[in-house]
Amino acid sequence: MYGGGYIQEEKQEATSPIDDAQKLAEFEARIDRGEKIEPHDWMPADYRKQLIRMIEQHAHSEVIGALPEGTWITRAPGFRRKLALIAKVQDEIGHAHLLYSAAETLGKSREQMINDLLTGKSKYSNVFNYPAKTWADVTVIGFLIDAGAIVNQVANSKGSYGPYCRALERICYEESFHLKQGHDAFITLATGTKAQHDMLQDALNRWWKPIMHFHGPPDKISEHTAKLMRWKVKMATNDDMRNQFLDMYVPKILEIGITIPDPNLKKNEATGQWEFSDPDWDEFKRVINGDGPCNAERLAVRQYVEEHGKWVRTAMMNPNQKVVIPFA
Amino acid sequence: MEAIKNLLFRMADDELIYGHRMSEWTGMGPIMEEDIAFSSMAQDKIGHALANYSILEKEFQTANPDKLAFFRKENELMNCQLVELSNHEYDFSLVRHFLFDHADFIRYEMLSTSSFAPLAQLSKKIKGELKYHVLHADTWLTRLGNATEESHARMQSALNELWNYALGIFEPSDFEAELIAEKIFDGEKVLQQKWMEKISPIIEKANLKIPSSSAPVYGGRKGYHTDQLQPLLTEMAEVISSEAEGTEW
Amino acid sequence: MSKIPLNTPVLDPRIKRVDLESTYGTTAIGENEHWISWEVFHQKKRGDQHVHVGIVHAPDAQLALLFAKEQFGRRLACVNLWVTKSSDIFSFSYDDEDIFDNATAPEKQYREASGFRVMEKINRYKKSKQKA
Ligand SMILES: [Fe+2]
Ligand SMILES: [Fe+2]
């Protein structure tokens, strides 16, 4: 039986160097049968570690992702767009909440995760290190960045870890609204006045590179990747997800008279694979390592928020309460 | 008729500006759970503004809600100054939330029996939302007022700073007598009395003190505003006014 | 000291208003600063069961309910929510999953409606009557 003592037990296991062979075999057999792993189950230390890393980064991306769009709420044109944008950004914070909760069940506290975000130890999606310069940027993010995220999230929702799948199920439901409102705003600009159209084209030109970076660098199929895919931690390769994204969304961009700033972008009908110019993976690496246009600002904002919210949180702390890992 | 229009504009402008201020907390709240709460209330408030502008359009053939909200000049807005002040810290925002939302709740409660049917209907429709806003405000005020020395001091100083602005909510209009006679609305004076009765015991429960001297900040209802409103209005208009009016966005 | 060097000027009006320069950039979240966790149970409509939907962090039950309302009652139909401290939930271990194994086993058909073939018997009787 499990009650409040759970936190100790699991923490020890997570650092245990020996992964019992029979337990591993049972664990893998369960995954092969398509069953989910639940928080209290035995799991290989590496499975736990990789899941925490992945879910945590996903959560950070939601929190940081709320910034470029959030700053456009006061400027959003008209009631309809404004209300949709507040609700959308609110959902993203809600996603972060659901994801941190899922990661917590693996034994890392929310506090630790946020600290790792603040110190830069833990990463978030690279795209949010680019600025949202105009209203058109908001529509590009809402439509195409959310679309990219959906490809990823739908794949991951079929993964093996129960709490992550449950969180993603709710997230995907809300993402369908994000995508739709983004698409709607995107089309409105594309088919609107010349200034609106040009503003959108300019935004897409600036965002195309980060969009091509979104699913990560090309896979070198390492043993590591193979293991994570076997354990259903990673559900599709970066290239597969990017290809799926291009399949679904390139036509939707072109059909309304917006062009894509890559003359080499085309689908190879024989292989089913999209071909494109090198999206500059050096830039991707530079930005991930802190040298993007907005990295410092994004973290500074989070720092500011945490600093100024601290008095509220500490005022309400109760040292007599017993902290345990949630069951989420 | 001018009387009802005036009332509707005051309410709508309050909710519009206050909703925008609340929305600025989206993604910046002290903890995620609370962040989500403030965004919900921002949506509710902006939604209420939209509802009131829509009544104006439908019943009085004014311009459409987007035009009323995003194309009017600063001196045409009739919101009280309380709602336009910048957010400052969370203490300031919470105390304003407490002071404004109790007035808002009671105002709509009074309007639920209004002879002006559209407002009576709206009042019934949003009763639950307002009830939640007040519950949220009371919960925080009573906790932070009683939690630590720091949180208590912060809440008290926010209350001191905001009190006179809060009294400005009840700045009488030129139409009080008419609204009362026509049974549209019982007037700002009655509202203020009810508000005082309602919030006083909660403030006491929060271990806070209502400032002893008071000097209501009036002017907002007549189009006089602090220097904090115009920058927000400029932002609100930035995108929508960059193209001809009526352009779809 | 200027605490956090920014690579590019801040574009966002909301961020400009908050005086980012005042940020020290060294804040750390203390353990338990996000309070304890509460399990949330959601009832979609009267007559339905309350169903577990996730958790919130909150310092007390009242705030836990408010937060639960936001995270789990803002988008979905809802008439009621329960919260309870995560530390007050007790559960079986998944290691003991096998104790539930035979709940639906064929050997336990004697307690299922489908385990009884009434019509077969009635038809057999009717047939035998016809013959007679
Ligand atoms: Fe999201
Ligand atoms: Fe999204």
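As a reminder, the structure under discussion sits directly above these lines.
(A) View of the sheet that holds strand S3 (residues 80–85) of chain C. All names here are of chain C. The antiparallel open sheet is built from three strands, whose spatial order is S2-S1-S3. The sheet terminates laterally at strand S2 (51–58) and S3, the two strands that pair on one side only. Sheet twist, expressed as the average angle between the axes of neighbouring strands with direction ignored, equals 30°. Pairing geometry for strand S1 (residues 36–43) and S3, over six bridges, is antiparallel. Each residue of the ladder has a partner; that of Glu39, found in S3, is Thr84. Across the sheet, helix H2 (residues 61–73) touches S1, S2 and S3, and the angle it forms with S2 is around 125°.

(B) Summary view of the interface of chain B and chain A. Taken residue by residue, the interface counts 48 residues in chain B and 38 residues in chain A. Across the chain B/chain A interface, buried area totals approximately 3,700 Å², and carbon plus sulfur atoms make up 71% of it. Contact with chain A buries surface across chain B, with Met32(B), Gln43(B) and Trp249(B) losing the most and accounting together for 20% of the total. Counting across the chain B and chain A interface gives one salt bridge. Glu33(B) is the salt-bridge partner of Arg110(A), the closest N and O atoms lying 2.7 Å from each other. Our enumeration of links across chain B and chain A arrives at 14 residue pairs in polar contact (both at pLDDT 80 or more).

(C) View of the packing of helix H6 (residues 127–146) of chain B against helix H7 (residues 149–167) of chain B. Residue and element names in this part refer to chain B. At a closest axis distance of 6 Å, the pairing of H6 and H7 adopts a crossing angle of 125°. Here H6 is positioned oblique relative to H7, judged by the angle of their axes. For the pair H6 and H7, contact is made by Leu141, Leu144 and Gly145 and by Ser151, His152 and Met155, respectively. Its residues assigned to classes, the contact of H6 with H7 shows three nonpolar, three polar and no charged.

(D) Examining the coordination of the iron ion (ligand 1) more closely. Residues and elements named next belong to chain A. The protein atoms that coordinate the iron ion (ligand 1) are Glu62 (OE), Glu92 (OE), His95 (ND1) and Glu175 (OE), at distances spanning 2.0 to 2.4 Å. One can describe the site at the iron ion (ligand 1) as irregular: its four donor atoms subtend angles covering 77 to 161° at the metal. Going along the chain, you hit the donors of the iron ion (ligand 1) in the pattern E-x29-E-x2-H-x79-E. Between the two metal centres, the iron ion (ligand 1) and the iron ion (ligand 2), the spacing is 3.4 Å, with Glu92 acting as a shared donor. One end of the pair, Glu62, is in helix H3 (residues 45–70); the other, Glu175, is in helix H7 (residues 162–190), and 113 residues separate them in sequence. Across the pair, Glu175 and Glu62 agree in class, each one buried.

(E) Up close: the nonpolar core. Counting residues in each nonpolar core, the largest one holds 194 residues, and the members touching the most others are Tyr47(A), Leu144(A), Trp208(A), Tyr53(B), Leu99(B) and Trp195(B). Examining the composition of this core, we find that 13 residues originate from one element, helix H4 (residues 90–111) of chain B, more than from any other. Discounting residues that sit within four places of it in the chain, Tyr53(B) has contacts with Phe79(A), Phe9(B), Ala12(B), Asp13(B), Leu16(B), Pro65(B), Leu68(B), Ala69(B) and Arg72(B).

(F) View of the interface of chain A and chain C. Contacts between the two partners involve 59 residues from chain A and, on the opposite side, 54 residues from chain C. Each partner contributes to the roughly 5,100 Å² buried at the junction of chain A and chain C, and carbon and sulfur atoms together form 55% of this total. Asp91(A) serves as the salt-bridge partner of Arg74(C), at 2.6 Å between the closest nitrogen and oxygen. Those elements giving two or more residues to the side of chain A that touches chain C turn out to be H3, helix H4 (78–104), helix H5 (110–118), H7, helix H11 (281–291) and helix H12 (295–315) of chain A. Among the elements that take part in the side of chain A that touches chain C, H12(A) stands out by supplying 14 residues, more than any other.

(G) The coordination of the iron ion (ligand 2), seen in detail. Residue and element names in this part refer to chain A. Only Glu92 (OE), Asp146 (OD), Glu175 (OE), Glu175 (OE) and His178 (ND1) from the protein reach the iron ion (ligand 2) as donors, at distances of 2.0 to 2.7 Å. Spacing between the donor residues of the iron ion (ligand 2) along the chain follows E-x53-D-x28-E-x2-H. The exposure class of His178 is buried, given its relative accessible area of 0%.

(H) Region of interest: the pattern of salt bridges. For the coordinates displayed, the defined rule picks out 53 salt bridges over all chains. Between Arg313(A) and Glu306(A) there is a salt bridge, with the nearest N and O atoms lying 3.2 Å from each other. With relative accessibility at 0%, the residue Arg313(A) sits in the buried group. Glu120(C) serves as the salt-bridge partner of Arg117(C), at 4.0 Å between the closest nitrogen and oxygen. Connected through salt bridges with shared partners, the residues Asp91(A), Arg170(A), Glu174(A), Arg74(C) and Arg75(C) form a single ionic network.

(I) Expanded view of unusual backbone geometry. Residues and elements named next belong to chain B. At Gln61, a residue that is not glycine, the phi angle is positive and equals roughly 50°. Mapped onto the elements of the fold, Gln61 is located in the loop between helix H2 (32–60) and helix H3 (65–70). Although it is not a glycine, Lys183 adopts a positive phi angle of roughly 60°. With respect to the helices, strands and loops of the structure, Lys183 is situated in the loop between helix H8 (176–181) and helix H9 (188–205).

(J) Main features of the environment of Glu306(A). Assignment of secondary structure puts Glu306(A) in helix H12. A relative accessible area of 4% means that Glu306(A) is categorised as buried. Separated by 188 residues in sequence, Glu306(A) and Leu118(A) have C-alpha atoms that sit 9.2 Å apart. Not counting the four nearest positions on each side in its chain, Glu306(A) is found in contact with Ile114(A), Leu118(A), Arg313(A), Thr27(C) and Ile29(C).

Conventions adopted
Residues numbered from 1 in each chain as written. Chains lettered and ligands numbered in written order. Predicted model: local features only at pLDDT ≥ 70, side-chain atom pairs only at ≥ 80, totals over all residues. Heavy atoms only, no water. Pairing = 2+ DSSP bridges. Helix = DSSP H or I, 4+ residues; strand = E, 2+ residues; numbered from the N terminus. Axes fitted to C-alpha atoms, helices over the stretch in contact; angles between N-to-C directions. Contact = heavy atoms within 4.5 Å. Buried area = accessible area lost by both parts, 1.4 Å probe. Salt bridge = Lys/Arg side-chain N within 4 Å of Asp/Glu carboxyl O. Polar contact = N/O pair within 3.5 Å; in protein donor to acceptor, adjacent residues only side chain to side chain. Parallel < 35°, antiparallel > 145°, perpendicular 65-115°, else oblique. Nonpolar A, V, L, I, M, F, W, Y, C, P; charged D, E, K, R; others polar. Donors = N, O, S within 2.8 Å, 3.2 Å for Na, K, Ca; no water. Tetrahedral: all angles 85-135°; square planar, octahedral: opposite > 155°, others 65-115°. Buried < 20%, exposed > 50% of the residue type's maximum accessible area, 1.4 Å probe, protein only. Core = buried A, V, L, I, M, F, W, Y, C linked by side-chain atoms within 4.5 Å.

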